[in-house]
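Examining the three-dimensional arrangement
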Amino acid sequence: MLNIALRTLRARWATFAGSFVALALGVGLIATMGLALAATLDAPHRAPERFAAAPVVVRGTDTLRVTTAHGVREKRLDRPRPVPAATAAVLARLGRTVQDRTFPVRADGAPAGTVGHAWSAAAFTPYRLTSGRAPATPGEIVTTGGWAAPGARVMLHTPDGVSAGRTVVGTVVGAAPDAGFEHAGFEHAVFFTDAEAARLAPRIDTVVVYADPAAVRASAPGDLDVLTGDDRRRADPDPDRDSEALTTVNALLGTAGGVTGFVSVFVVASTFAFAVAQRRREFALLRAAGAAPRQLRRLVIVEAAVVGAVASAAGCVLGRFGAPRLAAWLVDADIAPSWFAIGGDAWPYWTAFGTGLGVALAGAWAASRRAGRVGPMEALREASVDRRTMTAGRWVAGGGLLLLGLGLLVRQVLTDPSDALHRKTYTTQPMLLITAFALLAPVVVGPLTKALAWLPARLPGVAGRLVRENVLAGVRRTASVAAPVLITVALAGSLLGVTATVNAAKAAETRAQSAADFVVTSDAGGLDPATVARVRALPGLDAAAIAPTTVYRLEDGVALVKDEARAVDPAALAAVTNLPATAGKVTDLDDRSIVVNEEWPQHTVGSQVDVWLGDGRRTSLRIAAVLRTGTGGNGAYVTPLNAPGAAPDRIDVRLRAGTDAGRAGTDAGRAGTDAGRAAAAAAALRAAVAPGGGHVLSKEQWLAVSYPATSRQTRIGTLLVLGIALLYSCIALANTLVMATADRVRDLAVLRLAGATLGQVLRLVAAEALLIVAVGTTLGAGVAALNLLGVKAALAALSVPSSPVVIPWTATGAAVAVCALLAVPAAVIPARLALRGRAVGLVGGRE
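Residues numbered from 1 in each chain as written. Predicted model: local features only at pLDDT ≥ 70, side-chain atom pairs only at ≥ 80, totals over all residues. Heavy atoms only, no water.

For the rest of this paragraph, the subject is the overall build of the chain. What the chain contains, in helices and strands, is 25 helices and 24 strands. A total of 847 residues make up the chain; the buried ones form 50% of that total. (Helix = DSSP H or I, 4+ residues; strand = E, 2+ residues; numbered from the N terminus. Buried < 20%, exposed > 50% of the residue type's maximum accessible area, 1.4 Å probe, protein only.)

The following block contains the structure:
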């Protein structure tokens, strides 16, 4: 059997070439993703940076630990508590101490995210002066990064809300690597005198103690961490940035790998099935020669095993070369850390090889059953018309997957509509419908072809009718060629369409909830109290400062859940928003209550809920109001008292009706017109926020900047998934067309004998390829339409304000155009090469 299989592979290499290439590429992509995923499992060890030379570091604990009946649950706190001044005094009695403060500063030319420190804390990194000297007076500073040279006068904005000129008296860089410390590229810093830093930021973030660690631990309260050795890295800025970056890469590659696996299985199985269908007469001849059905099935399995093993090995080689390039691209795109690289793990190769071989055998097993059913009389058939295109198994599988896919859509809308808006859901869910449509494609190919070719078939001449009838004659061929186009269009329409539709819904929801005329924001990451006070003092305006914070709660007594929240003044918030409360009133919010949404298990107005605040303190709050869940942006609301340390990131401002907001002195404001009042208010706001570095945007401008709010990682991940699907589908499309065209040489030769010129035959082949691409596009559009309708129904169930279904015409059209541009030469070139001989000879069997 092996000898026959090898001879068959050698004789029909063109038939198996498509399967080989499709499988090798699939295994290569899986190996590439697997190697990249393996590299995300472990972050490299990082030594302490910010406090690399500090003996003992004392800081507020950054971990919330809650004891439950099932063990201790932990969550990282967004804002650790400060070190109390009384504790700092106690620690000072143990030995020399240095208090460190970290606070945001902003200056023209300074990098984004620049922070301020006391000069005495510079010794712990350690920094070294490269020019100038240390600061000696409140008006002097030292900078990192070289953005300001010694002697320069810079306007610096500090947390006290005052912008003042400061003189740069020195610059520093991190210690050299040979000194045992990493380069201080983890922060951009400005150093002040110790007294000036304490005045600007009274909060003590950390205390460095020169004393015995045991004595320090005995003197520090339980809500403070005493860090020594490698534990000091927990006091670095964003100490978990490596693991968080790897989590992002892992999620991106996991989704892309899942889609890659699905596409490869889908296309390879379709290619094997088509290859078996092409060999129907060959199998019939073997049956006539005495071969039993089980021998034919065994022959197909052995052929698949040989092709699968060789193609999987080739795919592993492709993965070996592709993985480092993928890692480099992720680093260049700022998705992965700069150190991210492919390691020496072997399991991704074995996984990819086993997957490829398994896919080949699985696809061949289904195809071998069809081969075993071929009767000896099939050898006498000369017509290429498909008779039985749908088997019972195909009906069951296709119908079952279609019902399952539609059932999941309906179930989501009825039971958990918010789940339909999650990226993992709308990335993976289309796969069920894609598979169902592909399995049921032979049923709809006929009616769909007739509909698409209705007009061309009625044009003068026979070309249109001939194209239609040729496509109808080979339903299996049409379904196999259309499958790659189906998956490309379905994924492009579903992923991009759902993302855009959800973003449009979020923008519509925010627009409906906001009654603000202007929104004040800042590049510095927060608005200082002085800026907030100046805005609130403006006449004729209602202003609500909104500060992001977090609350933590136990769900079902087991899971510790982190909820995004906002700290607001209730009266001011009610004046500038129209929050969708389903129970209670937002204005009832006070320091002993909280506003929650319907996702909270306990959301009855008046009931008490136990929560942990952003600094880890536990408190019990009464539910004052319950908000509709919506698209997920309706989080919890608390008062500033329950959001320790949270700084406003925006101020929503509304013009009061019937008042002149522009009494700052402009003629337009005194005119009393809406446009004049708005212009005057904008001018007054700009003057009020300028000292603090704020920006004034209209509501529409703010919405345009904030929504669509697709994160960069999500956008790149979607493009990566679509790029892989498009690349793979295009190669599969070309392979299938080459196989299909090679199988039709005698049909094309008959056309030549009937009087058709070579150009007419090639144009006919091109038209058939375009018609099949149109069939695949229609099927893919059907899948995308069902997914978009499911998301639209979910948004309606969530009572999200009406927003349009966004169809990604440009991206989907580009994908279809690529498929069409590839399909035409993939069909025409093999036909042209095959028709180089005499038509009589081709018809006579010399193929």
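Now that the structure has been shown, the text picks up again.
This part takes up the pattern of salt bridges. Within the structure shown, the criterion is met by 21 salt bridges. Residue Arg 511 is joined to Glu 700 by a salt bridge in which the shortest nitrogen-to-oxygen separation is 3.1 Å. You can see Arg 511 sitting in helix α15 (residues 475-513) and its partner Glu 700 sitting in helix α20 (residues 699-706), a full 189 residues away along the chain. When salt bridges that share partners are traced, they join Arg 59, Asp 62, Arg 76, Asp 225 and Arg 234 into one network. (Salt bridge = Lys/Arg side-chain N within 4 Å of Asp/Glu carboxyl O.)

Core analysis: the biggest nonpolar cluster contains 105 residues, and Leu 253, Val 263, Phe 266 and Phe 340 have the highest contact counts within it. Looking at this core, the element that brings in the most residues is α15, giving 16 residues. With sequence-adjacent residues up to four places away left out, Phe 340 is seen in contact with Ala 36, Ala 39, Thr 40, Leu 246, Val 249, Ala 327, Leu 330 and Val 331. Core analysis: the second largest hydrophobic core is formed by 19 residues, Phe 518, Ile 651, Ala 681 and Val 689 among them. (Core = buried A, V, L, I, M, F, W, Y, C linked by side-chain atoms within 4.5 Å. Contact = heavy atoms within 4.5 Å.)

With five of five residues buried, strand β19 (residues 593-597) lies mostly within the body of the structure. Side chains Ser 593, Val 595 and Asn 597 of β19 all project onto a buried face; the interleaved residues Ile 594 and Val 596 project onto the opposite face, where all are buried too.

Bringing the packing of α15 against α20 into the picture now. Relative orientation of the contacting elements α15 and α20 amounts to 155°, with a least axis distance of 10 Å. Between α15 and α20, the angle falls in the class roughly antiparallel. Classified by chirality, the crossing of α20 by α15 is right-handed. Within the contact between the two elements, α15 uses Ala 507, Thr 510 and Arg 511 and α20 uses Lys 699, Glu 700, Trp 702 and Leu 703. Of the residues contributing to the contact of α15 with α20, the split by class is three nonpolar, one polar and three charged. (Axes fitted to C-alpha atoms, helices over the stretch in contact; angles between N-to-C directions. Parallel < 35°, antiparallel > 145°, perpendicular 65-115°, else oblique. Left-handed = near helix turned anticlockwise from the far one by under 90°. Nonpolar A, V, L, I, M, F, W, Y, C, P; charged D, E, K, R; others polar.)

The next thing to look at is the confidence of the model for the chain. Within the chain, residue pLDDT values average 83, and 88% of them lie at 70 or more. Low confidence marks residues 176-184, where pLDDT is under 50. Its contacts with residues over four positions away, or in another chain, come to 14 contacts. Below pLDDT 50 for its whole length, residues 660-672 participates in 19 contacts with residues either more than four positions away or in separate chains. (pLDDT = per-residue confidence, 0-100.)

This part is about the packing of helix α23 (residues 758-797) against helix α24 (residues 809-834). Look at α23 against α24: their axes get within 9 Å of each other, and the N-to-C directions meet at 145°. Crossing of α23 against α24: the hand is right-handed. Side by side, α23 and α24 meet where Leu 758, Leu 762, Val 765, Ala 766, Ala 769, Leu 770, Val 773 and Thr 777 of the first sit next to Val 816, Cys 819, Ala 820, Ala 823, Val 824, Ala 827, Val 828, Ala 831 and Arg 832 of the second. Tallied by class, residues from the contact of α23 with α24 come to 15 nonpolar, one polar and one charged.

This brings us to the sheet that holds strand β14 (residues 224-227). Taken in spatial order, the four strands line up as β4-β13-β1-β14 in an open sheet, and their pairing is antiparallel. Edge strands, defined here as strands with exactly one partner in the open sheet, are β4 (97-100) and β14. Sheet twist, expressed as the average angle between the axes of neighbouring strands with direction ignored, equals 20°. Pairing between strand β1 (residues 56-60) and β14: four bridges, direction antiparallel. Paired with Val 58 across the bridge in β14 is Val 226. (Pairing = 2+ DSSP bridges.)

What follows concerns the side chain of Asp 652. On the secondary structure map, Asp 652 appears in strand β23 (residues 650-655). Using a relative accessible area of 2% as the deciding quantity, one classes Asp 652 as buried. Within polar-contact distance, the side chain of Asp 652 engages the side chain of Arg 650 at 2.9 Å. Residues within four places of Asp 652 in sequence aside, it is in contact with Ala 516, Phe 518, Val 519, Asp 542, Ala 543, Ala 544, Ile 546 and Val 576. (Polar contact = N/O pair within 3.5 Å; in protein donor to acceptor, adjacent residues only side chain to side chain.)

What follows is about the packing of aromatic side chains. Going through the model one piece at a time under the given rule, you end up with four aromatic pairs. When the centroid spacing of 5.6 Å and the interplanar angle of 90° are considered together, the rings of Trp 119 and Phe 191 count as edge-to-face. Separated by 72 residues along the polypeptide, Trp 119 in the loop between β7 (115-118) and β8 (127-132) and Phe 191 in strand β12 (residues 189-192) bring together distant segments of the chain. For Trp 119, a relative accessible area of 24% puts it in the partly exposed group. Ring centres of Tyr 127 and Phe 191 lie 5.1 Å apart, and the angle between their planes is 70°; this geometry places the pair in the edge-to-face category. In this pair, Tyr 127 sits in strand β8 while Phe 191 sits in strand β12, placing the two residues 64 residues apart along the sequence. Comparing Tyr 127 with Phe 191, the two get one shared label, buried. The structure contains a cluster of three or more aromatic residues connected by ring pairs, namely Trp 119, Tyr 127 and Phe 191. Directly above the ring of Phe 51 sits Arg 50, whose terminal nitrogen or CZ lies 5.2 Å from the centroid. Directly above the aromatic system of Trp 600 lies the positively charged group of Arg 553, at a separation of 4.6 Å from the ring centroid. (Phe/Tyr/Trp six-rings, centres within 6.5 Å; stacked < 30°, edge-to-face > 60°. Lys NZ or Arg CZ within 6 Å of the ring centre and 35° of its normal.)

For the rest of this paragraph, the subject is the side chain of Asn 470. Position of Asn 470 among the secondary structure elements: in helix α14 (residues 463-473). Owing to a relative accessible area of 17%, Asn 470 belongs among the buried residues under this scheme. Contact partners of Asn 470, with chain neighbours within four places excluded, come to Arg 477, Arg 744, Leu 764 and Glu 768.

Attention now moves to helix α8 (residues 293-332). With 40 residues, α8 should cover 58 Å at 1.5 Å per step; its first-to-last C-alpha distance of 55 Å lies within 8% of that length. In the segment just after α8, Asp 334 is the residue with positive phi, at about 60°. (Expected span 1.5 Å × (residues − 1).)

In this section: the pairing of strand β15 (residues 518-522). Most of β15 sits inside the fold, with five of its five residues counted as buried. Side chains Phe 518, Val 520 and Ser 522 project from β15 onto one buried face, and the interleaved Val 519 and Thr 521 project onto a second face that is buried too. One ladder, built from four bridges, connects β15 with β23; its direction is antiparallel. When the bridges of β23 are listed, Thr 521 appears paired with Arg 650. In terms of strand pairing, β15 meets strand β24 (residues 694-698) through five bridges, oriented antiparallel.

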